[in-house]
Amino acid sequence: MKLIVAIINHDDAHVVVHNLTKEGYLVTKLSTTGGFLMVGNMTVLIGVPDDKVNAVIRIIDKYSRSRKQVMPSMSEVGLKMFPSTPVEVTVGGATIFVLNVERYEKV
Ligand code: 2BA
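Because the structure is a prediction, the values reported are computed rather than measured. (Residues numbered from 1 in each chain as written. Predicted model: local features only at pLDDT ≥ 70, side-chain atom pairs only at ≥ 80, totals over all residues. Heavy atoms only, no water.)

### Brief notes about the environment of serine 31
Right, on to step 1. As for its placement among the helices and strands, serine 31 is situated in strand β2 (residues 27–33).
Right, on to step 2. The exposure class assigned to serine 31 is exposed, which follows from its relative accessible area of 67%.
Right, on to step 3. Taking the C-alpha atoms as reference points, serine 31 and isoleucine 4, separated by 27 residues in sequence, lie 16 Å from one another.
Right, on to step 4. Contact partners of serine 31, with chain neighbours within four places excluded, come to Asn41 and Met42. (Helix = DSSP H or I, 4+ residues; strand = E, 2+ residues; numbered from the N terminus. Buried < 20%, exposed > 50% of the residue type's maximum accessible area, 1.4 Å probe, protein only. Contact = heavy atoms within 4.5 Å.)

Set out below in structure tokens:
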């Protein structure tokens, strides 16, 4: 068994989760925040048999889009901070980790 941990853009999370549950996967959603941009994203946990991992990743891939996001930046001159040119970063589609599950029980 594997645990898939997927960090998904907030705007795509609803449709990803909808399609995963429609296909019969059990999903847990966590509201999370990216450490770099400090904006909200969604982390989804999905426990699946090994042979379902690729099917789940295909669904996440299908419904997650990448986006350009502009981040304000600051420059340090001496002891003072000044606004400088905003930085554009590409966020997502999704960042996916696949972990081995040692034991799975519902009691
Ligand atoms: P954030 O940490 O807010 O990062 C948003 C986007 O900013 C990243 O998109 C990446 O394009 C850029 N970025 C992040 N850290 C950077 C840095 N130190 N220098 C320059 N650019 C940087 P994604 O790579 O698509 O990541 C989207 C979100 O997924 C991240 O939000 C974070 O919450 C999560 N994430 C991505 N990779 C991760 C990892 N290896 N471990 C844990 N969380 C991860």
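And the narrative resumes.
### Let's talk about the sheet that holds strand β1 (residues 2–9)
Right, on to step 1. Taken in spatial order, the four strands of this open sheet run β2-β3-β1-β6, and their pairing is antiparallel. The strands lining the two open edges of the sheet, one partner per strand, are β2 and β6 (94–100). Looking at each pair of strands side by side, their axes are set apart by 20° on average, direction ignored.
Right, on to step 2. The pairing of β2 with strand β3 (residues 40–48) spans seven bridges and is antiparallel. In the sheet register, lysine 29 faces β3, and the bridge partner there is valine 44.
Right, on to step 3. Against the sheet, helix α1 (residues 10–22) makes contact with β1, β2 and β3, and its axis sits at roughly 145° relative to β1, the strand it touches most.
Right, on to step 4. Across the sheet, helix α2 (residues 53–63) is in contact with β1, β3 and β6; its angle to β1 comes to roughly 5°. (Pairing = 2+ DSSP bridges. Axes fitted to C-alpha atoms, helices over the stretch in contact; angles between N-to-C directions.)

### Some words on the pattern of salt bridges
Right, on to step 1. Summed over all chains, the structure comprises three salt bridges.
Right, on to step 2. Its salt-bridge partner being arginine 103, residue glutamate 105 comes within 2.6 Å of it at the nearest N-O pair.
Right, on to step 3. On the basis of relative accessible area, arginine 103 is assigned to the exposed category, the value being 66%.
Right, on to step 4. Overlapping salt bridges bring together Asp11, Asp12 and Arg67 as one network. (Salt bridge = Lys/Arg side-chain N within 4 Å of Asp/Glu carboxyl O.)

### As for the site of the ligand
Right, on to step 1. Close to the ligand lie Ile7, Gly34, Gly35, Phe36, Leu37, Asn41, Val89, Thr90, Val91, Gly92, Thr95 and Phe97, which account for all nearby residues.
Right, on to step 2. Glycine 35 places a polar main-chain atom, nitrogen or oxygen, 3.3 Å from an oxygen atom of the ligand.
Right, on to step 3. Note that an oxygen atom of the ligand is positioned 2.6 Å from one of the backbone N or O atoms of glycine 92.
Right, on to step 4. Notes on the ligand: free accessible area 750 Å², of which the protein chains cover 51%.
Right, on to step 5. If you tally residues by element for the shell around the ligand, the top one is strand β5 (residues 80–91), at three residues. (Near = heavy atom within 4 Å. Polar contact = N/O pair within 3.5 Å; in protein donor to acceptor, adjacent residues only side chain to side chain. Areas by Shrake-Rupley, 256 points an atom, 1.4 Å probe, with all protein chains shown as cover.)

Shape is all these values report; function is a separate question.
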